[in-house]
Amino acid sequence: MIFFFGKNPPFVNVYGLFKIFLCSFELRDCKVNRNINLKLSKYIAFALLLGLSSQGFAQKSDEGWMKRNWNNMIARYNIYFNATQKLDAAVNNLAEKQKDDFEKYLSVYPYGNKSDIKAMKTPMEEVMKKASKVIQNKPKSKWADDAYFIIGQTHFFSGDYFSAIETFEFVNANYTDPYIKEMSQLWLMKSYAMQGKDNDAEAILGLLKDIKTPNKEFNTHLALSAGDLMIKQAKYPEAIDYLKKGIGKVKDKTLKYRSNFVLGQLYLETEKYKDASYHFERVLKMNAPYEYVFQANLGMAKATSKTGGQGAKSTKKYLKRMLNDDKNIEYYDQIYYELGSIEFASGNEQTGLDYMLLSSANSKNNRTQSTKTYLYLADHFFGNRNYAKAQAYYDSTVAVLPGDFPDGKKIKAKHSVLSKLIEHIETIKLQDSLLTLSRMDRDELDKKITKIIEEEKEKKRLAEEAALIQAEQQRLNPNGGMPQLPNGGNTGSTWYFYNTAAIARGSNDFVRTWGNRKKGDWWRFINKSVVESDIPKQDESDDDEVDADAYNSSADEEQIEILKSLDAAKLKYYKPIPFSALAKLVAEKKIQDAYLGIGKIYFEDLKEYTKSKSNFITLLSKYPATKHKPEAIFYLAKSERELGDSIAYSEYAKQIADEYPESAYNKVLNATEIVEDSKDKEVVELYGKMYEAYEKDEFTEVNAIKKKIDTEYPGNSIQGKIDYLYALTIGKTKGKEAYLEELKALKEAYAGNEIGDMAAYTITLLTDSEADANGAESLFKMNAEEVHYYMVTGITKNEKNVQVQLDEYNKSFFKNQTLVISSLLLEEKQVFYIKQFKSKKEAVLYHKEMLSNKTLLSNAGMGDIETYAISESNFRTLIQSKNEKDYIRFFRKNYK
């Protein structure tokens with residue numbers, strides 16, 4: 001028996017007395033020494049007399065001692081015993097099914113996942129029926145409190161932590177047995193912890209740890225449960241202290257090896273490697289399941305490699321020996337990963353990379369390990385500023401990334417940034433190559449393409465031969481073969497026509513791969529012939545007239561004319577080359593956009609200010625009249641400031657002031673801080689009044705003062721503060737969309753200074769919160785056939801009065817249904833939940849009736865009222881997430 005706690009029956013009870021009494025008669029019939037019989041008879045008589053007197057005076061009851069003890073015996077040895085046996089079996093079965101994620105801290109208690117808990121519902125209902133018989137049939141039995149306690153545990157193991165909490169609180173409040181009170185409080189703490197209410201659980205722990213009791217079972221499980229709770233809150237030193245306190249007295253085998261394993265994990269985290277090795281070694285000695293043995297071995301290897309000296313060398317030998325054990329075949333991916341980590345840490349990059357590739361090749365069904373492997377390589381190359389390789393491995397990481405992987409959003413964000421960077425770099429390479437080809441002598445180009453066609457045919461032939469050889473090898477050795485390279489592997493020549501992956505990044509495929517792009521027609525170029533002499537020189541061009549993303553070579557008449565005489569075999573190689581003047585202009589614009597994008601990514605996302613500066617300088621040197629010039633100068637100035645070159649910064653700031661005096665870039669570079677000018681005393685006073693009006697929610701006054709300042713004091717030194725306060729007013733008076741629009745205008749107008757930064761940060765918060773809200777709403781699932789509750793939430797100071805009114809309402813209008821009202825707190829609101837309805841249909845009927853009688857709630861002293869039906873599973877999700885607004889949206893959408 002692993003996690004069920006129950007009290008043992010006292011020795012002296014009626015069942016024991018009957019046994020002794022019957023035994024005395026048996027002894028009289030035996031042929032034994034008469035003196036012995038006489039002595040036994042004396043002891044029997046004394047025991048009977050003691051039993052009669054103690055039972056007679058111990059309790060004052062209408063029942064006689066015989067009936068009371070008979071009820072206790074039946075409750076204990078028949079009903080209660082059967083209930084505990086069923087509970088024990090179900091909980092043991094739950095522990096055996098436990099699937100642990102060894103990448104995270106294990107929980108000390110194997111309480112399973114959501115699907116395991118769902119499967120516990122049926123056996124727990126059986127246990128509850130058994131325990132309920134004690135309460136129904138033997139209500140005055142001294143085992144009634146134990147029966148209630150078991151019912152609390154059935155709610156717990158069924159995942160109904162709210163009902164478990166109610167039951168354990170009932171036991172604690174209504175019974176006096178010290179053992180059962182202590183255990184009910186402990187399980188109350190565990191229920192809050194499982195519910196995700198760590199603060200409530202820790203508050204109960206604060207009370208329980210001060211209890212002085214000889215109850216060893218309570219003390220042991222309190223320490224282990226407290227250790228679990230501390231791990232959830234990342235309080236690892238406290239977790240270690242609690243687990244050390246409880247582990248010495250654990251009797252159950254499963255809890256022993258799990259507790260030791262968790263301590264090993266904690267000591268690894270806190271860099272106490274000898275202690276980690278000690279506890280992992282203890283796991284090996286406890287005949288634990290093999291997955292724990294393997295992970296303990298791996299943990300010991302990690303601990304040894306971290307100790308320095310010969311540690312890494314010893315660990316490599318140890319891990320290689322593990323590779324020779326057939327039992328570890330399914331764990332090869334993890335072993336190779338650890339070997340790769342050691343090699344990288346030792347500076348052996350190529351060997352480390354080989355091991356990591358072996359790890360990925362052996363991660364057939366382990367997405368978590370595949371993610372770890374690719375992420376390790378991605379982070380390694382990112383740290384070494386090899387962004388091309390880093391992007392490739394981030395690409396592989398995202399492809400296998402599990403939904404619950406730690407920092408998944410950050411990984412995707414980094415992948416997105418690097419993907420954009422590589423996209424821009426590839427764009428420049430591709431368009432530069434194509435422009436170079438367009439300038440070649442046509443005969444030379446034709447020879448080159450003919451050679452490429454021949455080489456492609458040879459490559460295809462060799463590839464087909466290799467595929468046949470590989471298929472034959474696979475047939476002969478199905479488990480062999482080299483690991484596949486991740487997406488960052490070699491994909492061919494870096495020159496465009498040798499590399500099919502580069503061709504795939506061409507304009508049409510690029511649009512399909514990287515999302516929606518602006519569409520458009522080039523009819524203005526179809527009806528007239530465009531020749532190079534008609535295109536203005538670079539210093540006279542207007543790049544705004546060219547939409548590179550919308551360009552379509554099949555609508556470019558000059559390009560069509562040049563390519564029309566080519567045969568089909570060569571056409572696919574010629575087609576991407578920009579021969580027409582328009583095609584060349586489009587290619588050059590793509591290059592300019594790419595240089596700008598690279599520079600901004602290096603500056604804003606990667607903080608590579610030198611590389612950012614280099615790209616902007618290249619852009620301006622190649623295309624001095626680019627439309628991106630003011631923005632490029634702006635970022636050059638900011639890069640110089642970050643690099644500490646104040647002279648270069650001043651020069652760029654002056655260039656912006658001279659060439660683009662009316663631009664937002666000039667306002668930022670030449671007035672980077674909002675400083676109150678002494679000449680603007682009147683404006684400062686008005687701003688003070690405007691702020692006071694805002695604090696008092698006098699928004700009409702705020703708008704009036706803003707209008708006065710704009711009219712009478714344009715160009716003042718604190719205009720940014722005024723505009724930001726006005727944006728806050730818009731947010732309070734006109735809603736979120738108008739607020740976002742105002743913030744976006746501020747972000748652009750004050751880019752680079754504190755107002756612009758504040759606006760950008762607020763926009764991020766608002767958009768993130770909206771995404772979170774949508775995510776929260778998606779947590780709720782529609783199941784019309786599931787059991788439903790009905791929710792009444794609001795603010796009230798008279799909880800009892802509201803509950804009485806609801807109860808009377810149910811008796812009056814739904815007297816044929818057995819409806820039970822319970823209550824709890826949800827943030828600041830009081831929640832009354834009425835259960836239960838068989839389906840959505842029944843709950844909706846109740847809702848319609850409640851809407852027509854809603855005044856009874858306000859009359860009972862309730863305000864801010866919300867009423868809605870909710871399924872049992874969504875009820876749990878709501879209580880855990882506390883997102884009532886999101887559920888109400890879900891309700892209105894799905895319960896019409």
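Conventions and cut-offs
All residue numbers here refer to positions counted from 1 along the written sequence of the relevant chain. The predicted nature of this model means local features are confined to residues of pLDDT at least 70 and side-chain atom pairs, given and counted, to a pLDDT of 80 or more, with totals for whole chains, interfaces and linings taken over all residues. With hydrogens and water excluded, all non-hydrogen atoms of the structure serve as input to the side-chain values. Labels follow the DSSP assignment, with helices taken as runs of H or I lasting at least four residues and strands as runs of E lasting at least two, numbered in each case from the N terminus. Relative accessibility under 20% of the residue-type maximum defines a buried residue, over 50% an exposed one, and the middle range a partly exposed one, all with a 1.4 Å probe and only protein chains included. Contacts: residue pairs with any heavy atoms within 4.5 Å of one another. Here the open area of atoms and residues is found with the Shrake-Rupley method and a 1.4 Å probe, where only the protein chains shown may cover a residue. Any two strands with at least two DSSP-identified bridges between them are counted as paired. The predictor attaches a confidence to each residue, called pLDDT, with possible values from 0 through 100. Only C-alpha atoms enter the line fits that serve as axes; for helices the fit covers just the stretch in contact. Angles between N-to-C directions range over 0 to 180 degrees. In these notes the angle categories are as follows: under 35 degrees is roughly parallel, over 145 is roughly antiparallel, 65 to 115 is roughly perpendicular, and the rest is oblique. Two helices that cross are described as forming a left-handed crossing if the nearer one is turned anticlockwise from the farther one by less than a right angle, and a right-handed crossing if clockwise. Each residue is assigned to one of three groups, with Ala, Val, Leu, Ile, Met, Phe, Trp, Tyr, Cys and Pro labelled nonpolar, Asp, Glu, Lys and Arg labelled charged, and all others, Gly among them, labelled polar. Residues enter patches when their relative accessible area tops 30% and they take part in no salt bridge; the joining distance is 9 Å for like charges and 5 Å for the nonpolar side chains Val, Leu, Ile, Met, Phe, Trp and Tyr. When a carboxyl oxygen of Asp or Glu is within 4 Å of a side-chain nitrogen of Lys or Arg, the pair counts as a salt bridge. The sign given to each residue is positive for Lys and Arg and negative for Asp and Glu; His and the chain ends receive no count. Charge coordinates come from a single atom per side chain, which is NZ of Lys, CZ of Arg, CG of Asp or CD of Glu. Any two of the Phe, Tyr and Trp rings considered here, Trp counted by its six-membered ring, make a pair once their centres fall within 6.5 Å; the pair's planes then place it as stacked at under 30 degrees, edge-to-face at over 60, or tilted in between. In this analysis the charged atom, NZ for Lys or CZ for Arg, is taken to sit over a ring once it is within 6 Å of the ring centre and within 35 degrees of the ring normal. Any pair of N or O atoms that falls within 3.5 Å is considered a polar contact. Within protein, one atom must be able to donate a hydrogen and the other to accept it, and sequence-neighbouring residues count only if both atoms are side-chain atoms.

1. So, the overall build of the protein
Phase 1 of the analysis: For the protein, the helix and strand inventory stands at 41 helices and four strands.
Phase 2 of the analysis: Taking all 896 residues of the protein together, 45% fall into the buried category.
Phase 3 of the analysis: Residue pairs in contact within the protein that sit at least 24 positions apart in sequence constitute 65% of those at least 6 positions apart.
Phase 4 of the analysis: In the form shown here, the protein has an accessible surface area of approximately 49000 Å², with 51% of it arising from carbon and sulfur atoms.

2. As for the pairing of strand β4 (residues 862–871)
Phase 1 of the analysis: Among the 10 residues of β4, seven are classified as buried, and the element is accordingly described as predominantly covered.
Phase 2 of the analysis: Inspection of the sheet shows strand β1 (residues 788–796) paired to β4 by eight bridges, in the antiparallel sense. The partner of Tyr 789 across the bridge, within β4, is Ile 870.

3. Regarding the pairing of strand β3 (residues 829–837)
Phase 1 of the analysis: Counted residue by residue, β3 has eight buried out of nine residues, so it is predominantly covered.
Phase 2 of the analysis: Where β1 and β3 come together, seven bridges link them in antiparallel fashion. If you follow His 788 over to β3, its bridge partner there is Phe 837.
Phase 3 of the analysis: Note: strand β2 (residues 820–826) against β3, seven bridges, orientation antiparallel. Each bridged residue has a counterpart across the sheet, and for Leu 825 the counterpart in β3 is Gln 830.

4. A word on the confidence of the model for the protein
Phase 1 of the analysis: For the protein, mean pLDDT is 77; residues scoring 70 or higher make up 77% of the total.
Phase 2 of the analysis: Across residues 1–43 the pLDDT falls below 50, and counting only partners more than four positions away or on other chains, this stretch makes 73 contacts in the model.
Phase 3 of the analysis: Every residue in residues 480–505 scores below 50 in pLDDT, and together they form 47 contacts with partners more than four places removed in sequence or on other chains.

5. Focus on the packing of helix α12 (residues 253–269) against helix α14 (residues 290–305)
Phase 1 of the analysis: Where α12 meets α14, the closest approach of the two axes is 11 Å, and the angle between their N-to-C directions is 25°. Taken together, α12 and α14 sit at an angle that is classed as roughly parallel. When the axes of α12 and α14 are compared, the crossing they make is left-handed. On the side of α12, the interface is formed by Tyr 257, Arg 258, Phe 261 and Leu 268, while α14 contributes Tyr 292, Gln 295, Ala 296, Gly 299, Lys 302 and Ala 303.
Phase 2 of the analysis: Here the residues of the contact of α12 with α14 sort into six nonpolar, two polar and two charged.

6. Description of the sheet that holds β3
Phase 1 of the analysis: The antiparallel open sheet is built from four strands, whose spatial order is β2-β3-β1-β4. Among the strands making up the open sheet, the edge pair consists of β2 and β4. Going from strand to strand, the sheet's axes swing by 20° on average, the running direction of each strand aside.
Phase 2 of the analysis: Each of β1, β2, β3 and β4 is contacted by helix α40 (residues 872–881), which is oriented at about 135° to β4, the strand it contacts most.
Phase 3 of the analysis: Most of the contacts of helix α41 (residues 884–894) go to β4, to which it runs at about 60°, and overall it touches β1, β2, β3 and β4.

7. Some words on unusual backbone geometry
Phase 1 of the analysis: Cis peptide bonds are those with omega within 30 degrees of zero, and the linkage from Lys 835 to Gln 836 qualifies with 5°.
Phase 2 of the analysis: For Gln 836, the location among the structural elements is in strand β3.
Phase 3 of the analysis: A positive phi is found at Glu 271, a non-glycine position, where the angle reads about 65°.
Phase 4 of the analysis: Looking at the secondary structure, you find Glu 271 in the loop between α12 and α13 (273–284).
Phase 5 of the analysis: Residue class for Glu 271 comes out exposed when judged on its relative accessible area of 57%.

8. Describing a positive patch on the surface
Phase 1 of the analysis: Taken together, the side chains of Lys 209, Lys 212, Lys 216, Lys 245, Lys 249 and Lys 251 present a region of like positive charge at the surface.
Phase 2 of the analysis: Mapped onto the elements of the fold, Lys 212 is located in the loop between α9 (198–208) and α10 (216–232).

9. A word on the packing of aromatic side chains
Phase 1 of the analysis: Applying the stated criterion to the full structure yields 52 aromatic pairs.
Phase 2 of the analysis: Aromatic side chains Tyr 332 and Tyr 336 sit 6.0 Å apart centroid to centroid with 75° between the ring planes, which places their arrangement in the edge-to-face category. A residue pair is termed a helical-turn pair when its members lie 3 or 4 positions apart in one helix, as Tyr 332 and Tyr 336 do in helix α16 (residues 332–345) at four residues. The residues Tyr 332 and Tyr 336 share a single accessibility class, namely buried.
Phase 3 of the analysis: Members of the aromatic cluster, connected to one another through ring pairs, are Tyr 109, Tyr 111, Phe 149, Phe 156, Phe 157, Tyr 161, Phe 168 and Trp 187.
Phase 4 of the analysis: Directly above the ring of Trp 187 sits Lys 190, whose terminal nitrogen or CZ lies 5.1 Å from the centroid.
Phase 5 of the analysis: Sitting over the ring of Tyr 726, Lys 706 keeps its end group 4.9 Å from the ring centre.

10. A few points about the packing of helix α7 (residues 161–174) against helix α8 (residues 178–194)
Phase 1 of the analysis: Between α7 and α8, whose axes approach to 9 Å, the crossing angle comes to 160°. As far as their axial angle goes, α8 and α7 are roughly antiparallel. Relative to α8, α7 is oriented so that their crossing is left-handed. Contacts from Tyr 161, Ala 164, Ile 165, Phe 168, Glu 169, Val 171 and Asn 172 in α7 reach Ile 180, Lys 181, Ser 184, Gln 185, Trp 187, Leu 188, Ser 191, Tyr 192 and Met 194 in α8.
Phase 2 of the analysis: Its residues placed into classes, the contact of α7 with α8 shows 10 nonpolar, four polar and two charged.

11. Notes on the environment of Lys 622
Phase 1 of the analysis: One can find Lys 622 in helix α28 (residues 609–622).
Phase 2 of the analysis: Residue Lys 622 is classed as partly exposed on the basis of its relative accessible area, which comes to 42%.
Phase 3 of the analysis: Linking Lys 622 and Ile 591, residues 31 residues apart in sequence, is a C-alpha distance of 9.9 Å.
Phase 4 of the analysis: Residues in contact with Lys 622, not counting those within four places in the same chain, are Asp 432 and Tyr 595.

12. Structural notes on the side chain of Asn 260
Phase 1 of the analysis: Here Asn 260 is to be found in helix α12.
Phase 2 of the analysis: For Asn 260, a relative accessible area of 1% puts it in the buried group.
Phase 3 of the analysis: A polar side-chain atom of Asn 260 sits 2.9 Å from the main-chain carbonyl oxygen of Lys 256.
Phase 4 of the analysis: Within polar-contact distance, the side chain of Asn 260 engages the side chain of His 279 at 2.9 Å.
Phase 5 of the analysis: Not counting the four nearest positions on each side in its chain, Asn 260 is found in contact with Ile 247, His 279, Arg 282, Val 283 and Met 286.

13. Some words on the pattern of salt bridges
Phase 1 of the analysis: Scanning all chains against the criterion turns up 26 salt bridges.
Phase 2 of the analysis: One salt bridge in this structure joins Asp 198 and Lys 232, with 3.2 Å as the shortest N-O distance. In this pair, Asp 198 is assigned in helix α9 and Lys 232 in helix α10, connecting sequence segments 34 residues apart.
Phase 3 of the analysis: Residue classification places Asp 198 among the buried positions, given a relative accessible area of 17%.
Phase 4 of the analysis: The residue Glu 884 makes a salt bridge to Lys 829 at a minimum N-O spacing of 3.2 Å. Separated by 55 residues along the polypeptide, Glu 884 in helix α41 and Lys 829 in strand β3 bring together distant segments of the chain.
Phase 5 of the analysis: Given a relative accessible area of 13%, Lys 829 falls into the buried group.

14. Remarks on the side chain of Ser 419
Phase 1 of the analysis: Tracing the backbone through its elements, the reader meets Ser 419 in helix α20 (residues 408–438).
Phase 2 of the analysis: Ser 419 gets classed as buried once you look at its relative accessible area, which sits at 4%.
Phase 3 of the analysis: Within the local environment of Ser 419, its side chain forms a polar contact with the backbone oxygen of His 415, the two atoms lying 2.8 Å apart.

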